[in-house]
Amino acid sequence: MVYLKSIFYFILAGLLEIGGGYLVWIWLRDSKSWVYGLSGMVVLALYGFIPTLQPAHFGRVYAAYGGVFIVLSLLWGWKVDGIQPDKYDLIGAMLALIGVAVMMYWPRSG
């Protein structure tokens, strides 16, 4: 159950960070209303709270989160922007997830 909660928090954090960043991106790059920018900033502020719910220390959580962010960014680009990942993106994403699993969930002594 601890692992599932941790994975849920990683995914939630990723969606908030990418979604908030995307709202700011389209506000500035696509000249959308200031409401997009403000909404993005609020979502990004919410993102800041989620990693604190992880069971590990700051450095490990943020290092591992980087791998999750890679995968979610590729999925976002594919589903929202229509940019399909190529085989090298997928290989890199798999390696990143392996790193996440080792850092966060590998059994440690002590």
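None of these values were measured; they are calculated from a predicted model.

## Considerations on the overall build of the chain
- Looking only at helices and strands, the chain features four helices and zero strands.
- Ordered by position in the sequence, the α and β elements of the chain form the string α-α-α-α.
- C-alpha atoms of the chain, sized along the principal axes, occupy 55 × 35 × 20 Å.
- Classification of the 110 residues of the chain by burial places 29% in the buried group.
- Contacts spanning at least 24 positions in sequence make up 64% of the contacts within the chain whose residues lie at least 6 apart.
- Carbon and sulfur atoms make up 72% of the accessible area of the chain, which totals about 7400 Å².
- A distance of 11 Å separates the average location of the 7 positive side-chain charges in the chain from that of its 5 negative side-chain charges.

## Here's the deal with the UniProt feature "transmembrane region" (unreviewed entry) in the chain
- Within the UniProt annotation, "transmembrane region" (unreviewed entry) is assigned to residues 7-28, 34-50, 62-78 and 90-107.
- The straight-line gap between the two end C-alpha atoms of residues 7-28 is 31 Å; of that span, 100% is helix and 0% is strand.
- Taken end to end, residues 34-50 has its terminal C-alpha atoms 25 Å apart, with 82% of it in helix and 0% in strand.

## Overview of the nonpolar core
- Ranked by size, the top nonpolar core spans 16 residues in total, and within it F10, Y65, V68, V100 and M104 carry the most contacts.
- Elements that contribute at least two residues to this core include exactly α1 (2-29), α2 (34-47), α3 (58-79) and α4 (87-105).
- Discounting chain neighbours no more than four positions away, the residues touching F10 are Q54, V61, A64, Y65, V68, L72, V100, M104 and Y105.

## So, a nonpolar patch on the surface
- Nonpolar side chains collect at one region of the surface, where M1, Y3, L4, I7, I11 and L15 lie side by side and expose about 650 Å² of accessible area between them.
- In this structure I7 comes out as partly exposed when scored by relative accessible area, which is 38%.

## Considering the environment of L53
- Looking at the secondary structure, you find L53 in the loop between α2 and α3.
- A sequence separation of 43 residues divides L53 from F10, and the C-alpha atoms of the two residues are 9.7 Å apart.

## Quick notes on the packing of α1 against α4
- In the contact formed by α1 and α4, the axes pass within 12 Å of each other and the chain directions differ by 130°. By the angle between their axes, α1 is oblique relative to α4. In this structure, α1 meets α4 at a crossing whose hand is right-handed. Together, Y3, S6, I7 and F10 of α1 and V100, M104 and Y105 of α4 make up the contact between the two elements.
- Here the contact of α1 with α4 is composed, by residue class, of six nonpolar, one polar and no charged.

## A few points about the packing of aromatic side chains
- The tally for this structure, following the rule as stated, stands at seven aromatic pairs.
- Ring centres of F10 and Y65 lie 6.5 Å apart, and the angle between their planes is 15°; this geometry places the pair in the stacked category. Of this pair, F10 sits in helix α1 while Y65 sits in helix α3, and the two are 55 residues apart along the sequence. Considered together, F10 and Y65 belong to a single accessibility category, that of buried residues.
- Summarising the aromatic geometry, the rings of Y47 and Y65 are spaced 5.9 Å apart at their centres and angled 35° between planes, so their arrangement reads as tilted. Residue Y47 is located in helix α2, and its partner Y65 is located in helix α3; the two are separated by 18 residues in the primary sequence. Grouping residues by exposure puts Y47 and Y65 together as buried.
- The rings of F10, Y47, Y65 and F69 are connected pair by pair, giving a single aromatic cluster.

So, how was this worked out
Residues numbered from 1 in each chain as written. Predicted model: local features only at pLDDT ≥ 70, side-chain atom pairs only at ≥ 80, totals over all residues. Heavy atoms only, no water. Helix = DSSP H or I, 4+ residues; strand = E, 2+ residues; numbered from the N terminus. Buried < 20%, exposed > 50% of the residue type's maximum accessible area, 1.4 Å probe, protein only. Contact = heavy atoms within 4.5 Å. Areas by Shrake-Rupley, 256 points an atom, 1.4 Å probe, with all protein chains shown as cover. Lys, Arg positive; Asp, Glu negative; His and termini not counted. Charge placed at Lys NZ, Arg CZ, Asp CG, Glu CD. UniProt positions renumbered as here; feature names shortened; annotations may be inferred. Core = buried A, V, L, I, M, F, W, Y, C linked by side-chain atoms within 4.5 Å. Patch = residues over 30% accessible without salt bridge, like charges linked within 9 Å, V, L, I, M, F, W, Y side chains within 5 Å. Salt bridge = Lys/Arg side-chain N within 4 Å of Asp/Glu carboxyl O. Axes fitted to C-alpha atoms, helices over the stretch in contact; angles between N-to-C directions. Parallel < 35°, antiparallel > 145°, perpendicular 65-115°, else oblique. Left-handed = near helix turned anticlockwise from the far one by under 90°. Nonpolar A, V, L, I, M, F, W, Y, C, P; charged D, E, K, R; others polar. Phe/Tyr/Trp six-rings, centres within 6.5 Å; stacked < 30°, edge-to-face > 60°.

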